[in-house]
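The residues making up each chain are set out below.
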Amino acid sequence: MALNVGCSARPGNARDNKTGSWRTFRPVFDNEKCNKCGTCMMICPEVCISEDEEGYPQVDYEFCKGCGLCTEECPKDAIEMKKEEK
Amino acid sequence: MADERPEFFESGHRACGGCGPALAGRLIMKAAGENTIVVASTGCMEVFSTPYPETAWKTPWIHSLFQNAAAVASGIESSIKMQGRDEKVVVIAGDGATFDIGVLCISGAFERGHDITYICYDNEAYMNTGIQRSGATPYDASTTTSPAGKNSTGNSRPKKDMPAILAAHGAPYVATASIAYPTDMMKKVEKAINTKGPCYLQVHAPCCTGWGFDGAKTMEIGKAAINSGLWVNFEMEEGTVTKVKKVKRVPVDDYLKSQKRFRHLFKPEPKTEEIAKIQAIADKNAEKYGTDIVPKN
């Protein structure tokens, strides 16, 4: 990898770095309580919560750092943080 | 309902869990869209989003130095104008680069009237190098260069009023926002980008590591700052305040207590004199911007 005057990188290749390994707590979603408001998808700093086919949130655990922000902000208390079992 | 707009800030960046600036970066890019060139200054966001050879950005993105993001953006804007292209140039810089190190270049760019949008994500200190105070650090916050101790109650100077400085340059649109209110923030980003001329947006982005709170509370802390009056969300057009977020204001105590950087104000016993000084700052903000909801008789 040659370093010239500037450095450049392929757009968005930070995805090579799987930050999910940082996690000690895992958010678990309860679709029964979820009202599909989209708050968790909007506020995730890791951009790792997306909408599934039925409009419920789904987490990409390869990147989720387990910060718990979604759990804290969920207006329906539909997300629970559970300790990761190795 | 999920926001359908595509993401231009990618997963896999190395920010702390619950990072306010990471969320700010994501929301800014969601609002700015594909036709954007991002100019970054040195800072936490630059470091966690682009550890070579990786980058979290999916639009053109450039970093040069700590102090010159506004100058680099000026050059890019002039060049794309000459070429007849229509990309929007957005600077995303931290409070250290904006309030302290980059002021000269920002002042120049705003004076020359480049069509750029300058967004400062304000986490109120130099976080990436280990929490040193900046011009944006609030009064009495303990940082590694303004440590609280026997003879000090933390940072001895109040926060610099950067929006007023840039409004005084004749900027057509100056606003403040908070990641705690994502929809409002994205609207302001869009407005700033679509307003011709140099626009400034200052985004409150709580830093769990630097301020000392649990990463799950990032949004809550942002809301508490606004509810206490220590942060005001407003819009300023042509130098006049046109919109202010009104709040039912609460005493500053709870906001201060929830963060390690203010812990010294309550231990071993509450330093009521200092807390009163911070309350006075909040009161002054509320009076200046008229944030208080006045009950109707």
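See the structure above.
Residues numbered from 1 in each chain as written. Chains lettered and ligands numbered in written order. Predicted model: local features only at pLDDT ≥ 70, side-chain atom pairs only at ≥ 80, totals over all residues. Heavy atoms only, no water.

**Q** Before we go on, may I ask you to explain the overall build of chain A in this structure?
**A** The secondary structure content of chain A amounts to 2 helices and 4 strands. Secondary structure of chain A in N-to-C order comes out as β-α-β-β-α-β. At 16 Å, chain A has a C-alpha radius of gyration far larger than the 12 Å of a compact globule built from 86 residues. Dimensions of chain A, computed from C-alpha atoms along their principal axes, come out at roughly 55 × 30 × 20 Å. (Helix = DSSP H or I, 4+ residues; strand = E, 2+ residues; numbered from the N terminus. Rg over C-alpha atoms; globule rule 2.2 N^0.38 Å.)

**Q** Is there a simple way to think about the interface of chain B and chain A in this case?
**A** The parts lose accessible area when they come together, and the size of an interface is often stated as this lost area. With 36 residues of chain B at the interface, the matching set in chain A holds 35 residues. Three residues stand out in chain B for area buried against chain A, namely S11, R26 and Y52 of chain B, and they jointly supply 22% of the buried area on that side. One can count 3 salt bridges joining chain B with chain A. Measuring nitrogen to oxygen at the nearest pair gives 2.9 Å for the salt bridge that ties K223 of chain B to E73 of chain A. Linking chain B with chain A are 19 residue pairs in polar contact (both at pLDDT 80 or more), by the criterion used here. Listed by contribution, the elements that provide at least two residues to the side of chain B that touches chain A are α1 (20-32), α7 (182-194) and α9 (218-228) of chain B. (Contact = heavy atoms within 4.5 Å. Buried area = accessible area lost by both parts, 1.4 Å probe. Salt bridge = Lys/Arg side-chain N within 4 Å of Asp/Glu carboxyl O. Polar contact = N/O pair within 3.5 Å; in protein donor to acceptor, adjacent residues only side chain to side chain.)

**Q** How do you make sense of the pattern of salt bridges when you look at a structure like this?
**A** Pairing is possible between side chains of opposite charge, provided their charged atoms come close. Residue and element names in this part refer to chain A. In the structure shown here, the tally under the stated rule is 30 salt bridges over all chains. Between R23 and E84 there is a salt bridge, and its shortest N-O distance comes to 2.6 Å. With R23 in the segment before β1 (25-29) and E84 in the segment after β4 (79-83), this residue pair connects regions lying 61 residues apart in the sequence. For R23, a relative accessible area of 9% gives the class buried. We note a salt bridge from E46 to K65, for which the minimum N-O separation is 2.9 Å. Taken together, the residues E46 in the loop between α1 (39-43) and β2 (49-51) and K65 in the loop between β3 (57-59) and α2 (69-73) connect sequence positions 19 residues apart. For E46, a relative accessible area of 1% gives the class buried. (Buried < 20%, exposed > 50% of the residue type's maximum accessible area, 1.4 Å probe, protein only.)

**Q** Which parts of the structure should I look at to understand the side chain of N17 of chain A?
**A** With respect to the helices and strands, the residue N17 of chain A is situated in the segment before β1. At a separation of 3.0 Å, a polar atom in the side chain of N17 of chain A contacts the main-chain carbonyl oxygen of G12 of chain B. Once residues lying within four places of it in the same chain are set aside, the contact partners of N17 of chain A are F63 of chain A together with G12, R14 and E54 of chain B.

**Q** Quick question: what am I supposed to make of the pairing of strand β5 (residues 173-178) of chain B here?
**A** Note on strand geometry: in a regular strand, side chains alternate between the two faces of the sheet. Residues and elements named next belong to chain B. Among the 6 residues in β5, 6 count as buried, and that is most of the element. By the alternation rule, side chains of β5 split into Y173, A175 and A177 and V174, T176 and S178, which are all buried. Alignment of β5 against strand β6 (residues 199-204), held across 6 bridges, turns out to be parallel. Bridge pairing links V174 to Y200 in β6. You can see the chain leave β5, run along α7 and come back into β6, and the turn it takes is right-handed. Taken together, the 3 bridges between β5 and strand β7 (residues 234-237) define a ladder with antiparallel strand orientation. Following the sheet pairing, A175 is matched in β7 by E235. (Pairing = 2+ DSSP bridges. Right-handed = clockwise from strand over helix to strand, strands pointing away.)

**Q** It is not clear to me how the packing of α1 of chain B against α7 of chain B should be interpreted in this structure. Could you clarify?
**A** Residue and element names in this part refer to chain B. Packing of α1 against α7 brings their axes to within 9 Å, and their N-to-C directions diverge by 50°. Accordingly, the angle class assigned to the pair α1 and α7 is oblique. Crossing of α1 over α7 shows right-handed handedness. Here A24, L27, I28, K30, A31 and A32 of α1 lie close against α7, whose contacting residues are P182, M185, M186, V189, E190 and I193. (Axes fitted to C-alpha atoms, helices over the stretch in contact; angles between N-to-C directions. Parallel < 35°, antiparallel > 145°, perpendicular 65-115°, else oblique. Left-handed = near helix turned anticlockwise from the far one by under 90°.)

**Q** What exactly am I supposed to notice about the environment of P251 of chain B here?
**A** Residues and elements named next belong to chain B. Mapped onto the elements of the fold, P251 is located in the loop between β8 (240-244) and α10 (253-257). Here P251 falls in the exposed class, since its relative accessible area comes to 51%. The sequence separation of P251 and D122 amounts to 129 residues, and the corresponding C-alpha distance is 22 Å.

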